[in-house]
Amino acid sequence: MKVLRMTDICKLLCSLAAVLCATASCIEPPLHLPGQELQMLMPKVETQLSVVWDFEASLDKDWYYGWDETDDSIWGDIGYTIPTSYEVHRYYKGNDPLAWHTNVDAFSIRTNRFRRYFQFGYYDMLFYSDIDSKDGTQVVVMHETLDSVTATTTGTRGISRSILDATRAGDENTPGAIGLLNQPEIFYGAYPENIYISHDLNDYEYDPEEDIYIKHIETKLRPLVYIYLVQFILYNNDEGKIKGVNGNAALSSMASSTNVNTGHTGNRPAVVYFNTRMKKNLMVKERKSDVIGGKLTTFGLCDNEPYTRSSAIYGGKRTTLNNYLYFDLIWNNGGVKTYEFDVTDQCRSQAHGGILTVWIDCSQLTPPDPAPSSAGSLFIPTVEDYDEVVWEIEI
């Protein structure tokens, strides 16, 4: 069975350079020169980082659209890719594991290993992979503060005002969607906290080959952007009522940001745009069907923790946000109409990516009103359809 999978074991190894005693009589050496009054030698830490993510989706059972060379050229690989470079933020907290971050040492690494000198005490460390944008234009924007990093994305084309208003329906405590956003690129992050650099060599494992003492720390490098494979199964289209698609589709009520340190998504919903293609005359459950498919990347559900499911919180209470797929269909008379489908249950059951499937009985579709072909389109790229997006990042 063909399985979408990327699996490994993620480890963060901190290797401390051994401090040898000047005389053989020194049996239990602390990390300072023998015969001196606690003259500390800063330990040199070697860190090795491995990328790990375990995501499974049964493509043979649930995925009917397939993935050919054209899809790959448009959207890239169907699954997650392994990064090759990272940004590192190192927060030193002295001897207090509960201390606030008062400074940050930031640097980039182009391999999964690096060496730095560490002071004795507690550290928090943030790792996140660099963005590998397919066309060289990165849409993910990092907002850095002393304590954390928040990832957002840029806006894209206009959206029909009626669709945008529909995504804002709710009570006074529910903030409206900020508009249509680009899909974020895939990246990963890890945030090991309270790494203790000790004076006592008993806290470390000695490696006789390299003559160093090693401190092992295990953590998971998790994806901070999730992949949804989206497919619309059109059946009873024998008369060719639905001619094709213009590629426009969007998913509502997805998080517009995520905290890179914790992986917790923001509670401000957004509509995320993505492209689709149609493949005709495919066999789906022994029935000839036309299938519209596409790949969507997103920060995930609002107010969502990594590997758990939750709804958003507004005004001090938990509020359920419905997720709708909006998509344009082109009829055989040239008319275009936007349709919507509620995929809330599918999104909640697959909070960290998966396959979203919409079954469409073409015989039951309401055709577009007689109008120019663009009048009913989901996206109208005009100035008044843009919303000003002002990011407020708490410090």
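Residues numbered from 1 in each chain as written. Predicted model: local features only at pLDDT ≥ 70, side-chain atom pairs only at ≥ 80, totals over all residues. Heavy atoms only, no water.

1. Some words on unusual backbone geometry
How we decide: Counting from the N terminus, the helices are the DSSP runs of H or I reaching at least four residues and the strands are the DSSP runs of E reaching at least two.
Phi angles above zero are rare outside glycine, and Asn281 is one such case at about 60 degrees. Tracing the sequence through the fold places Asn281 in strand β20 (residues 277–284).

2. Digging into the environment of Gly247
Stated precisely, the cut-off is as follows: Residues are treated as being in contact if the distance between any of their heavy atoms lies within 4.5 Å.
Among the structural elements, Gly247 can be located in the loop between β16 (242–244) and β17 (248–255). As a C-alpha pair, Gly247 and Gly293 span 46 residues in sequence and 9.4 Å in three-dimensional space. Residues in contact with Gly247, not counting those within four places in the same chain, are Tyr273, Phe274, Asn275 and Thr276.

3. Considerations on the packing of aromatic side chains
The description of an aromatic ring pair uses the distance of the two centres, along with the angle that the planes make with each other. Worth spelling out the cut-off: The criterion for an aromatic pair is that two Phe, Tyr or Trp rings (for Trp, the six-membered ring) have centres within 6.5 Å, with stacked assigned to planes under 30 degrees apart, edge-to-face to planes over 60 apart and tilted to the rest. Two conditions define a charge sitting above a ring: the NZ of Lys or the CZ of Arg must be within 6 Å of the ring centre, and it must be within 35 degrees of the ring normal.
One pass over the structure, following the stated rule, counts 10 aromatic pairs. Aromatic ring contacts, followed pair by pair, group Tyr92, Phe118 and Tyr123 into a single cluster. Lying across the ring of Phe118, Arg90 places its NZ or CZ 4.5 Å from the centre. Here the guanidinium or amino end of Lys279 rests over the ring plane of Tyr65, the centre of that ring lying 4.0 Å away.

4. Quick look at the side chain of Ser256
What counts is decided by this rule: Here a polar contact means two N or O atoms within 3.5 Å. Within protein one must be a hydrogen donor candidate and the other an acceptor candidate, and residues neighboring in sequence count only if both atoms are side-chain atoms.
Within the element layout of this structure, Ser256 appears in the loop between β17 and β18 (258–259). A polar atom in the side chain of Ser256 sits 2.8 Å from the backbone oxygen of Arg268.

5. Notes on the pairing of strand β13 (residues 212–217)
In plain terms, the rule: Buried means the residue's accessible area, taken with a 1.4 Å probe over protein chains only, is under 20% of the maximum for its type, while exposed means over 50%, and partly exposed covers the values in between. By definition, two strands form a pair when at least two bridges between them are found by DSSP.
Counted residue by residue, β13 has 5 buried out of 6 residues, so it is predominantly covered. Direction of pairing for strand β12 (residues 205–207) relative to β13: antiparallel, over a ladder of 3 bridges. The residue bridging Glu205 from the neighbouring strand is Ile214, located in β13. Joining the antiparallel neighbours β12 and β13 is a turn of 4 residues, in which Asp211 adopts a positive phi near 55 degrees.

6. A short note on the sheet that holds β18
Taken in spatial order, the 3 strands make up an open sheet running β7-β8-β18, and their pairing is antiparallel. With one partner strand each, in any of the chains shown, β7 (140–144) and β18 form the two edges of the open sheet. Relative to strand β8 (residues 149–153), β7 is paired through 5 bridges, and the arrangement is antiparallel. Bridging from a neighbouring strand, His143 pairs with Thr150 of β8.

7. A short note on the sheet that holds strand β21 (residues 287–298)
Quick note on the threshold: Working convention: axes come from line fits to C-alpha atoms, limited for helices to the stretch in contact. Angles between N-to-C directions cover 0 to 180 degrees.
Reading across from one edge, β20-β21-β15-β26 is the order of the 4 strands in this open sheet, with mixed pairing throughout. Every interior strand has two partners, whereas the edge strands, β20 and β26 (354–361), have only one. When strand polarity is set aside, the average angle formed by the axes of neighbouring strands in this sheet is 30 degrees. Relative to β21, strand β15 (residues 226–235) runs antiparallel, the two being bridged by 9 bridges. Across the sheet, the residue bridging to Leu234 is Asp290, located in β21.

8. Some remarks on the environment of Asn332
Among the structural elements, Asn332 can be located in the loop between β24 (324–331) and β25 (336–342). Each C-alpha atom, one on Asn332 and one on Glu239, is 9.4 Å from the other, the two residues being 93 residues apart in sequence. The residues contacting Asn332, other than those within four sequence positions of it, are Glu239, Gly240, Lys241 and Lys243. Only 3.5 Å separates the side chain of Asn332 from the backbone oxygen of Gly240, close enough to count as a polar contact.

9. Some words on the confidence of the model for the protein
Do not read the predicted coordinates in detail wherever pLDDT is low. In plain terms, the rule: The predictor's confidence in any single residue is recorded as pLDDT, a number from 0 to 100.
Residues of the protein with pLDDT of at least 70 account for 68%, and the chain-wide mean is 74. Segment residues 1–40 is flagged for pLDDT under 50; beyond a separation of four residues in sequence, or across chains, it makes 107 contacts in the model. Residue range residues 380–395 is modelled with pLDDT below 50. Its contacts to residues more than four positions away, or to other chains, number 29 contacts.

10. A closer look at the pattern of salt bridges
The following threshold applies: Salt-bridge detection follows one rule: a side-chain nitrogen of Lys or Arg within 4 Å of a carboxyl oxygen of Asp or Glu.
In the structure shown here, the tally under the stated rule is 7 salt bridges. Here Lys279 makes a salt bridge to Asp71, at a shortest N to O gap of 2.8 Å. Of the two residues, Lys279 sits in strand β20 while Asp71 sits in helix α2 (residues 69–75), which places them 208 residues apart along the sequence. Asp71 matches Lys279 in its accessibility class, with the two residues each being buried. With a shortest N-O distance of 2.7 Å, Arg90 and Asp105 are connected by a salt bridge. Taken together, the positions of Arg90 in strand β3 (residues 86–94) and Asp105 in strand β4 (residues 105–109) put the pair 15 residues apart, joining distant regions of the chain. Of the residues examined, Arg90 reaches a relative accessible area of 10% and is grouped as buried. Classification of Asp105 by relative accessible area gives partly exposed; the value is 29%. Taken together, the shared-partner salt bridges in this structure form one network comprising Asp68, Asp71, Arg277 and Lys279.

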